[in-house]
Amino acid sequence: MKFEKIKDVIKKEEGQKAKIRGWIYRKRSSGKIIFIVIRDSTGIIQTIVEKEKISNEEFKKAEKALIESSVEIEGTVHEDKRAPGGKEIHVTKFNVVGFAQDFPITEYQSVEFLLDNRHLWIRSRKLTEVMKLKAKMLRIIRRWFDENDFYEVTPSVITTNAAEGGATVFSFDYFGQEAFLSQTAQMYLEALIFSLENVWCLTPSFRAEKSRTRRHLTEYWHLEAEEAWLNNEENMKLQEELISYVCQSIAKECKDELEFLGRDPKDLKIVEPPFKRIKYKDAIKMLNEKGFDIKWGDDFGAPHEKALVEGEEKPIFVTHFPVESKAFYMKISPDGKTVECADMLAPEGYGEIIGGSEREENIDSMIERLKKDGANIKNYEWYFDLRRYGSVPHSGFGLGIERLLCWIAKLEHIRDATPFPRLVRRAYP
RNA sequence: GCCGGCGUAGCUUAGUCUGGUGGAGCACCCGGCUGUUAACCGGGCGGUCACCGGUUCAAAUCCGGUCGCCGGCGCCA
């Protein structure tokens, strides 16, 4: 008889045999009967070890095995109202593969302790469900790009291009030369559209910002796409289609995970194009009306973003930010004051999940803006070449995978959207 | 960088204001219990009170400093 997954055993009928393997999740003993809840990647089930129905040796093993011991169990399936989940296994064979020492994570835990023991805490049911959801989400995203004829590309994470704008980068010694961990693959994607036209990639991105908020990681998974012959409005359409597809698919395909995490699939089902578009200047007006002290040129903080999506059930776009507040490569609008960009804000105050723009084609304009930021123009020569040899209008966007997951999974903190979060004060374990 | 909070047993904590031999729950070990639901009952093991210095007859407690963590702000295409 082969080992079965717990989710399949749960579906079995009264009296059928079952053979499972996994880890001890909970254990309660009552003298001659031991209740052992077993966990595997698919779920949990209660097993009953009775002294009279099993060898002495096996019963002793069952008594001694502590939580998180790995075990192999055979028995028969029984329906019982008293069992969590309604079904349980009456054990006929009990084998311990690996006895666990005292498991450090018990009833009460602090955030700090759990982060110190992250390598063990990731076994928890919550993080397990989050990671399942993330895996499925990535599968869905890949499916969408496939179906929309985008090429997946693999740009480098090591770069000698210093950061654009005021963002901070992690630098390191690359055989005697200063190099950086990439903050974005965008410029490389732009180079690739001149042959492939539609490209996307998924890479880690790094930000050395000392941001201590529930929305920031120093290392995160960055989904980026770039398309030739695309303007800002078409770019937004692409984004709202992608996000809508992801929400619809997850609502359909991830019911169990969503239910466990407390996200109603209905919240995702209503996400479909078009998303509301609001210009930066109107957003400022709106915020002023809501009593915020904010003026043209100011960037939005978390409270502003929250106020802008108040009452919204779908994400919204905020477009046409002032030139000064955005990066050098964003195309300047005809008004000369704003750029052809769009930030997508998630509902419920989860904040920015996508930043995108049409790209500037005028080299002089880019140089002027780069100089204002104190950047070394020489580093960008290769990038300017892209404008020199058959430039075309093009646009693209970048999406923070963990931020998207944070919203969809209704998480309190972005650190739970990744198994080993890298935060300002933490890179262990 | 700034503001706030915290640091006592493996974990969660009481005790700190008002100085006088550090208590408890969980985990673990031993014993009891044949239907438990983060079982229960009895017993046991377990402490550099974050670290350094000071005040005092006496410091977990008061004072000064250091370190670590958490929450938030700022920063953040």
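Since this is a predicted model, take the numbers as computed values, not measurements.

Caption draft 1: Fine view of helix H5 (residues 125–147). An ideal rise of 1.5 Å per residue puts 33 Å on 23 residues; H5 measures up with 33 Å between its terminal C-alpha atoms. If you check which residues of H5 are buried, you get Leu127, Glu129, Val130, Leu133, Lys134, Met137, Ile140, Ile141, Trp144 and Phe145. Count one or two residues on from H5 and you reach aspartate 149, which has phi positive near 60°.

Caption draft 2: Structural view of the protein's contact with RNA strand B. The full set close to RNA strand B counts 53 residues, and Glu52, Ser110, Thr184, Arg214 and Tyr329 are the nearest of them. The sugar-phosphate portion of RNA strand B accounts for 48% of its atoms within 4 Å of the protein, the bases making up the rest. Between RNA strand B and aspartate 102, the relevant distance is 3.3 Å, taken from a sugar or linking oxygen to a side-chain nitrogen or oxygen of the residue. Arginine 415 places a side-chain nitrogen or oxygen 2.6 Å from a phosphate oxygen of RNA strand B. Contributing elements (two or more residues each) for the surface near RNA strand B: strand S1 (17–29), strand S2 (33–40), strand S3 (43–50), strand S5 (87–98), helix H3 (111–116) and strand S11 (219–228). Of all the elements, S1 adds the most residues to the surface near RNA strand B, at 4 residues. Residues of the surface near RNA strand B, tallied by class, amount to 14 nonpolar, 16 polar and 23 charged.

Caption draft 3: Here's a closer look at the sheet that holds S5. The 5 strands are arranged S1-S2-S3-S5-S4 in a closed barrel whose pairing can be described as mixed. Taken over all neighbouring pairs, the strand axes of this sheet differ in orientation by 55° on average, direction set aside. Of the pairings in the sheet, the one linking S2 to S3 comprises 8 bridges and is antiparallel in character. By the bridge assignment for S3, isoleucine 36 is matched with threonine 47. With respect to the sheet, helix H2 (residues 56–64) is in contact with S1, S2, S3 and S5, its orientation differing from that of S5 by roughly 85°.

Caption draft 4: How the structure looks around the sheet that holds strand S8 (residues 171–174). Here 3 strands make up an open sheet; going across it, the order is S7-S9-S8 and the pairing antiparallel. Two strands bound the open sheet, and with one partner strand each, they are strand S7 (158–159) and S8. Inspection of the sheet shows S8 paired to strand S9 (residues 177–181) by 4 bridges, in the antiparallel sense. Each bridged residue has a counterpart across the sheet, and for serine 171 the counterpart in S9 is phenylalanine 180.

About the thresholds
- Residues numbered from 1 in each chain as written.
- Chains lettered and ligands numbered in written order.
- Predicted model: local features only at pLDDT ≥ 70, side-chain atom pairs only at ≥ 80, totals over all residues.
- Heavy atoms only, no water.
- Helix = DSSP H or I, 4+ residues; strand = E, 2+ residues; numbered from the N terminus.
- Expected span 1.5 Å × (residues − 1).
- Buried < 20%, exposed > 50% of the residue type's maximum accessible area, 1.4 Å probe, protein only.
- Near = heavy atom within 4 Å.
- Polar contact = N/O pair within 3.5 Å; in protein donor to acceptor, adjacent residues only side chain to side chain.
- Nonpolar A, V, L, I, M, F, W, Y, C, P; charged D, E, K, R; others polar.
- Pairing = 2+ DSSP bridges.
- Axes fitted to C-alpha atoms, helices over the stretch in contact; angles between N-to-C directions.
- Contact = heavy atoms within 4.5 Å.

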